[in-house]
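These are the residues of each chain, in order.
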Amino acid sequence: MAFRLSEETKERIVKFHELSQVAFRYGFIPLIIYLGWSQTTPRPSLISLLSPLPMNRA
Amino acid sequence: MATIDEVRSEKSQLELVGLGVPNAVKDSIKASSKVPVVSHVLGLFDAISKRRTAFGLSTPPKFEDFSREVEKEVLTTYYMVPGLRADLNYTAAVKPMFNVMQSFAVGNGRDNAYTFAGIYATNNVFLRGALDSDKALSAHIVGRLSPAIIGRIQAHASDRGTQAVYEVDVPFSDSILCIRAANPSFLDSKFTGMSSFNFSQSITSKLALGISGLWQRQSPDYPAQAGFDLGGRFSSDLFTASGSLSAQGILGLSYLQKFSDKIQGAISTSIDLTGMAAAMAGEAPGSACTTSAAIKMEYPDQSVLRLQADSQYKLAFVLERIVADTMRMTICSEFDQAKTTCKLGLGLQFESQSESVEGVMRQIQTLSQEESKTYLAVPPQ
């Protein structure tokens, strides 16, 4: 199934792929934290989620 | 494939809320269509499916999980973490499940100094991400495409590039099919990447057979490669035996014996029949066969001890012990008699949870596993 893409299209796809990789790499953990934080009742404080120390975790 | 580290941390996070129930949900497709030919074909499938259901077979494990109990439960390999390691685990909610873990590790040459991991899971979605101090992300996204079919994406992004594996599990009443594609790309005018399937089928209630096929082309200039793996698994209440033959000529055999509820013994052997794998790894021809024997013992105070000896003159033990309600300690050691080297490891796991989680956990202690599902998220895995 050989088919050819024009160089321009290929470049655009590669550029889009690179950008989406960066967005995924740095956005995935914040996405998980946001989803968890917004769906949890009562909402936990961000400090208690991000700090390694077990403070304010009542 | 999940790394050892991922398996460890994921396991510990899931253990916390008592998950890990099998998710293979059986559903049957109703045959109904107004087009006569289609309805005839669907009717035939329905009849075959009814006949198969009549045998009363259960869904077997996936082909790659045939020796899972041996490799990941009894052998010490997955639990050996030399050096010092501390995991701080915080569960904020159990439905939807929301959990964060921060790990600090030093002196094992494999784990990063710091890793932040988060899990968000509902009954239909499971998201797990871990970002380490080298800014490498490993992500695991699982979702139900239907009540039975599970789709999965595993990705790893670091400075060296990104790898992504896309997977779909299709369970039937007596078999399971898993289709996988790794780094698929059509940009170079031909398909490059790796695609594979694995299929396992229950033959009797105890015996299951599996086949796995792989097709890959790393670069459009090179020819594609393909191969098949074959395997079988026999499991009864007292023992489980499995064997597989890979396309590279490696024969793997494993055997697990349950001596009692708390004591299990296992033997795992890998034989390189062609000698190619050892030659590629630059090893001596004598190392073509390795055998490991291990025993796992669970104590009444929930401590777990694993002992292992292998044919390369290595002795190892891993002791997991619950020191306090919120703290678990792992001590491990491996002594290599041939090289006279020794590895030591100490891991500490601190677990904390929000007040609402404590309340839920108190509540479900008196409930059965079925009833507790209403309080706990049961994510697809």
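Residues numbered from 1 in each chain as written. Chains lettered and ligands numbered in written order. Predicted model: local features only at pLDDT ≥ 70, side-chain atom pairs only at ≥ 80, totals over all residues. Heavy atoms only, no water.

Caption draft 1: Structural view of the pairing of strand 4 (residues 125-132) of chain B. Residues and elements named next belong to chain B. Among the 8 residues that make up strand 4, 6 are buried, leaving the element largely enclosed by the rest of the structure. Taken together, the 7 bridges between strand 3 (residues 114-121) and strand 4 define a ladder with antiparallel strand orientation. Looking at strand 4, one finds that Tyr-120 is bridged to Leu-127. The antiparallel hairpin formed by strand 3 and strand 4 contains 3 residues in its connecting segment. Here 7 bridges tie strand 4 to strand 5 (residues 137-144), and the two strands are oriented antiparallel to one another. In the sheet register, Gly-129 faces strand 5, and the bridge partner there is Ala-139. The turn joining strand 4 and strand 5, which pair antiparallel and follow one another in sequence, is formed by 4 residues; a positive phi near 60 degrees is taken by Lys-135. (Buried < 20%, exposed > 50% of the residue type's maximum accessible area, 1.4 Å probe, protein only. Helix = DSSP H or I, 4+ residues; strand = E, 2+ residues; numbered from the N terminus. Pairing = 2+ DSSP bridges.)

Caption draft 2: Region of interest: the environment of Leu-346 of chain B. All names here are of chain B. For Leu-346, the position within the fold is in strand 19 (residues 341-353). The exposure class of Leu-346 is partly exposed, given its relative accessible area of 31%. C-alpha separation for the pair Leu-346 and Met-80, spaced 266 residues apart in sequence, amounts to 9.6 Å. Sequence-distant contacts of Leu-346, defined by excluding residues within four places in its chain, comprise Val-81, Gly-83, Leu-84, Arg-85, Met-329, Thr-330 and Ile-331. (Contact = heavy atoms within 4.5 Å.)

Caption draft 3: Structural context of the interface of chain B and chain A. Each side of the interface is counted separately: chain B has 39 residues, and chain A has 29 residues. Across the interface of chain B and chain A, roughly 2,800 Å² is buried in total on both sides, 72% from carbon and sulfur atoms. Taken together, the links from chain B to chain A amount to 1 salt bridge. In this structure, Asp-159 of chain B engages Arg-25 of chain A in a salt bridge whose closest nitrogen and oxygen atoms are separated by 2.9 Å. Summed over the shared surface of chain B and chain A, the result is 6 residue pairs in polar contact (both at pLDDT 80 or more). (Buried area = accessible area lost by both parts, 1.4 Å probe. Salt bridge = Lys/Arg side-chain N within 4 Å of Asp/Glu carboxyl O. Polar contact = N/O pair within 3.5 Å; in protein donor to acceptor, adjacent residues only side chain to side chain.)

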